[in-house]
Amino acid sequence: MNRIIFQTIVGISAIVFILISACKPSNNSVAELKYPIENDVLVGLSSPVTLNPDGAEISLREYFPTVAKIDSLKAHSSINLKFDTVSFALKIAVTAETLPNVSMLKVYVRGSEFAIPLKKTQQVSFTFKLDPKGKSFKTVQMKGEMNAWNVAAGNLNFENGIWQGEFKAEPGNYQYVFVLDGSKEIRDPMNKDSVSNGMGGFNSIIRVGGDTDKSKYPRLHTKTYGQTYVEISSENEPDEIYVLYENYQLPQNMISITGNTLKINIPGDARERTRAHIRVFACNQSGTANDLLIPLESGQVLTDAAQLKRTDFHSATIYNIFTDRFFNGNPSNDRPLKLKTVHPKADYMGGDIAGAIQKIKSGYFDSLGINTLWISPLVKNPEKPYGEFPTPKTKFSGYHGYWPISFTKTDDRFTTEAELKEMVELAHSKKMNVLLDFVANHVHEDHPFIKANPQYATQLHLPDGRLNCRLWDEYRLTTWFDVFLPTLDLEKPEVYEMLSDSAVYWIEKYDLDGFRHDATKHIPEIFWQTLTFKLKKNIIIPKNKPLYQIGESYGSPQLISSYVSSGKLSAQFDFNAHDALVGALAGGNNFERFAEVLKASEKFYGSHHLMGNISGNQDRARFMSYADGSLQFSEDSKLAGWTRDIQVQGTVGYERLKLLQTVIASLAGIPVIYYGDEIGMPGGNDPDNRRMMKFENLSVYELDALRHTQKVFHFRRQSLALLYGDTRIIQADDNILILERQFFDKYVYIIVNKSDNPQNVSFDMPEYANAPALKTLLGGTFTQNKSNISYKIPKLTSEILYN
């Protein structure tokens, strides 16, 4: 690592400077740069900005919510900046191809220099073609991951007897289908590669950009540390490297280079902060390196996970309490509809917050290694049933909580205000966070707000006469979920201001630690920007209280990541990783697809993201029922849940479930258990996947699955390599997955054999690991010869090796 370029204030010749006012920053010398502790300037760690070929548009208000004036801005000479001092809107235009894959935007506020990473995309053009083979179509369109499944953005033209269209995307694998005459979906007949869509069908899959040789990318590693310094090393020489202490880029006199080792001096004022972070970004002409995140405790590298607080969200482990179906702690509030028109599966079953309180007191979540509880919506829902399912014919109650008829009132069937406050206080006393599921996209038609203001709903009827209902991608921001659930027009200030105030109310009144947000991609960005701005201004800054917000979006990594930033959400659920993992463990797919998705997640969300890695959720059939063969991926899992009594078949499902729990406990991001997955509850899709939680009379196999989940989740809570470590994919083939997680001298190896036969695996630890002696977490027998590990791993088995 002999040639590294540090862009700092001194390198004016390589930077374009925009002076917004006559007041220049007071820190003109890099040696004089100060690192103020006040948290009211740039709140949290600055999220990277993705630069498309033509640049990007951002609002600096997302980064600086309470700042009245930006003094000045700087960027690379290949970038042109246009800043609106009133709205804080910033247009970043890329003017030359010489822009590095990673650079920094410098923002000067109150005499201090703040850094925001800029990451350049590597989009390439590609063409889709469909030969109609003599058939006549009025329209042919393509929808897939590259255009967020928006059929309107995938029009093909008929030229020379072929339907074709050109698109742009970053190198990678993308799922897609063709849409004929606006309705019929088909796989690409000219492409044999396909993958299950998780809903009973298959999508074609295309590799864009050929085989990208990532072996030439820089690869960063944490190497060693002392009381006042950190050392990192690199495989492949980076052209540029940036070291950030919190949101300040460290100057050259804080950094030294010897061979491929970079020594970083920790700023002295870090001793005045209980928690601070060092981040490292790097790139060369081939691509962008993995980024590093190093937590500091009072100025030194954090070395013991016990030092982490519940607000260090990288250490979070989440459990989803589906309130009505979890535990009935207060039978006096039970009020099921008990109507002939409502099937018992679609009626209230009695679970409540009183039940959750009892389980917190009993130590159930402590035993699982859980430190964050996500509770389903608690707002008031209608008293009558709505909707209809044909087979069997039934209506639905609002047992799930997603049909709000109030923005602020709790539903007494779930909780009282006093009970919710008691739960949060109890959880905090046991060092647990509480996240509330917040519904912003829609309300029920009986909501007083929409009854009084019908103009605040989006249009149900489209100009072409169609019903704007469940058009998830074509009319993503306006479509209704059902005809009795008006979608709020959150482009209107009077709507998004009111609703964001309501969300802040829940945090302020109940001291909650954040939200799970429903239907995130269906809500305009202005709402997320407004909400997060208010949370920072009213809670995060004045109360010094970090909050975590996680969204729910199905779609491409590009779409999902567009909602994750300093001024929007902390994270979203990584459904793409979940689907690929379920396909490998229960659907007969190989691990190669899962490895590709992991690489895409790192690329779009960062190496140390806070994305949710789920075991399952309320909108999908239970993993257990796919894993044991009770459900087939080719069938309608919702219909199966209504028409069959789906129970666990044999024991193989439990073995595959343990593989799933091992993997999600070991990935970068945050593991999320959907209630009941810790014991392998079965079920088809909604509402069969929402049965009442089982706590008693567990079988030996359910108990075994529970103990396994407890072990791997507790290990995660204790392992800095799993919480903050780099991820390396060692092997991903038909049956074997081997991952390495590394944080300084701590190494963890995750080995998974999903086949029905024992497998011989052998791999070498990297040279820089210095061959530490490994031990086993799950009881397997392996052989270590210096840096080589050999293991005959039994069938359907996972193992975790660590030092």
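For the structure itself, consult the block above.
Residues numbered from 1 in each chain as written. Predicted model: local features only at pLDDT ≥ 70, side-chain atom pairs only at ≥ 80, totals over all residues. Heavy atoms only, no water.

S.K.: Explanation requested: the overall build of the chain in the structure shown.
M.R.: Within the chain, the secondary structure is distributed over 14 helices and 43 strands. Its C-alpha atoms give the chain a radius of gyration of 26 Å, near enough to 28 Å, the size a compact globule of 803 residues would have. Its C-alpha atoms give the chain principal-axis dimensions of roughly 75 × 70 × 65 Å. Considering the chain as a whole, with its 803 residues, one finds that 61% of them fall into the buried category. Intrachain contacts of the chain at a sequence separation of at least 6 include 71% that bridge at least 24 residues. Summing over all exposed atoms, the chain offers an accessible surface of approximately 31,300 Å²; the carbon and sulfur share of this is 49%. Between the mean site of the 87 positive side-chain charges and the mean site of the 91 negative ones, the chain shows a separation of 1 Å. (Helix = DSSP H or I, 4+ residues; strand = E, 2+ residues; numbered from the N terminus. Rg over C-alpha atoms; globule rule 2.2 N^0.38 Å. Buried < 20%, exposed > 50% of the residue type's maximum accessible area, 1.4 Å probe, protein only. Contact = heavy atoms within 4.5 Å. Areas by Shrake-Rupley, 256 points an atom, 1.4 Å probe, with all protein chains shown as cover. Lys, Arg positive; Asp, Glu negative; His and termini not counted. Charge placed at Lys NZ, Arg CZ, Asp CG, Glu CD.)

S.K.: What should I look at first to understand the pattern of salt bridges in this one?
M.R.: A side chain of one charge can pair with a side chain of the opposite charge when the charged atoms of the two come close. Inspection of every chain in the model, using the stated rule, returns 46 salt bridges. Where D324 meets R325, a salt bridge forms, and the shortest distance between an N and an O atom there is 2.8 Å. Overall, the relative accessible area of 2% leaves D324 in the buried class. Judged by relative accessible area, which is 0%, R325 ranks as buried. (Salt bridge = Lys/Arg side-chain N within 4 Å of Asp/Glu carboxyl O.)

S.K.: Would you take a moment to explain the packing of aromatic side chains for this structure?
M.R.: Within a pair of aromatic rings, the relevant descriptors are the distance that separates the centres and the angle that separates the planes. Following the criterion strictly, the structure yields 45 aromatic pairs and no others. Aromatic side chains F313 and Y548 sit 5.5 Å apart centroid to centroid with 35° between the ring planes, which places their arrangement in the tilted category. Pair noted here: F313 is in the loop between strand 25 (300-301) and strand 26 (318-321) and Y548 is in strand 32 (residues 548-551), with a separation of 235 residues, a long-range link. With a relative accessible area of 2%, Y548 lands in the buried category. Each ring, one from F396 and one from W642, has its centre 6.2 Å from the other, and the planes form 70°; the classification is edge-to-face. With F396 in strand 29 (residues 394-396) and W642 in helix 11 (residues 637-643), the pair connects residues that are 246 residues apart, well separated along the chain. Like F396, the residue W642 is buried in the burial classification. Put simply, the rings of Y319, F326, F327, Y364, F365 and F695 pair up and form one aromatic cluster. (Phe/Tyr/Trp six-rings, centres within 6.5 Å; stacked < 30°, edge-to-face > 60°.)

S.K.: Help me out: how do you make sense of the sheet that holds strand 39 (residues 759-764) in this one?
M.R.: Whether parallel or antiparallel, the strands of a sheet pair through hydrogen bonds between backbone atoms. If you trace the 3 strands from one edge of the open sheet to the other, you get 39-42-41, paired in antiparallel fashion. This sheet does not close on itself; its edge strands, each paired only once, are strand 39 and strand 41 (783-785). Strand after strand, the sheet turns through a mean of 15° between neighbouring axes, direction not considered. Bridge count between strand 39 and strand 42 (residues 788-793): 6 bridges; the pairing is antiparallel. Of the residues in strand 42, the one forming a bridge with N760 is K792. (Pairing = 2+ DSSP bridges. Axes fitted to C-alpha atoms, helices over the stretch in contact; angles between N-to-C directions.)

So yeah, pure geometry; function would need other evidence.
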